[in-house]
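Inside the fold
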Amino acid sequence: MQNTLPPQRRSQGERTDATRAALVSAARALFEARGFAATGTPEIVAAANVTRGALYHHFTDKTELFHAVARQVAQEVADEIAQRSRHQPKPVDALLAGAQAYFAAMAEAGRARLLLLEAPAVLTAEQVLGLSDLAGFQALQEGLQNALKDRPEAVLPLRELSVLLSAAFDRAALAIARGESAEPYEHAVRLLLSRLVPV
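Residues numbered from 1 in each chain as written. Predicted model: local features only at pLDDT ≥ 70, side-chain atom pairs only at ≥ 80, totals over all residues. Heavy atoms only, no water.

Re the packing of aromatic side chains
According to the stated counting rule, one finds five aromatic pairs in the structure shown. With centroids separated by 5.5 Å and ring planes inclined at 80°, the aromatic side chains of F36 and F66 adopt a geometry described as edge-to-face. Remark: F66 occurs in helix 4 (residues 62-85) and F36 occurs in the loop between helix 1 (12-34) and helix 2 (41-48); sequence separation between them is 30 residues. Grouping residues by exposure puts F36 and F66 together as buried. Between the aromatic rings of F103 and F169, the centroid separation amounts to 5.8 Å while the plane-to-plane angle is 75°, which identifies the pairing as edge-to-face. Remark: F169 occurs in helix 8 (residues 158-177) and F103 occurs in helix 5 (residues 91-106); sequence separation between them is 66 residues. Per residue, the accessibility class of F103 equals that of F169, and both read buried. Every member of this aromatic cluster is reached through a ring pair, and the members are F31, F36 and F66. (Phe/Tyr/Trp six-rings, centres within 6.5 Å; stacked < 30°, edge-to-face > 60°. Helix = DSSP H or I, 4+ residues; strand = E, 2+ residues; numbered from the N terminus. Buried < 20%, exposed > 50% of the residue type's maximum accessible area, 1.4 Å probe, protein only.)

Right, dumping it as structure tokens:
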């Protein structure tokens, strides 16, 4: 006769993490499909198969839950940029690879909507800037700094250049997410960087 072990019970911490993950996953799918305003908390708890009390145990309100979703999305974008750009032989190649990775990552269903359209309407300016930093701005600024470190000119406005390029990347990401081809935007980025960064 075969011995069977009783199923192991999850710890309180594991149950807590699983509930939070279920809420974030359910909310993300609904926010991507319908947007923040059209998504109600009853729909979220039903999709996550948890109680309303569980939602408010983990998150103060729907806005805090949205911020958690947006941070998850931003981290995914950051990870994809890092993966594509980290092994490039030249700083300018890393910048180009990072731009291509950003466009590709933001073209994934729902990401551009969440980070570039919904987040500025829902979150504080400080929170939106934090998402931007996470989703590529910091990597862009560091990439530019690395690529321009040998420029003979006086100190360059690296932060301001990064802000301008980041805004251009976001606008391009929205266009690509709407169905435009990424190739012309990648070519435009290459053209911009070729004027800025010594090859």
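Here we look at helix 9 (residues 183-196)
Between the first and last C-alpha of helix 9 there are 20 Å, a value that for 14 residues agrees with the 20 Å anticipated at 1.5 Å per step. Among the residues of helix 9, those classed as buried are V189, L193 and L196. Taken around the axis of helix 9, the buried residues stretch over an arc of 55°, which confines them to a single face. Along helix 9, the residues that are exposed and aim more than 90 degrees away from the buried face are E183, P184, H187 and R195. On its buried side, helix 9 packs onto helix 5, helix 7 (125-147) and helix 8. (Expected span 1.5 Å × (residues − 1). Arc of directions from axis to C-beta. Contact = heavy atoms within 4.5 Å.)

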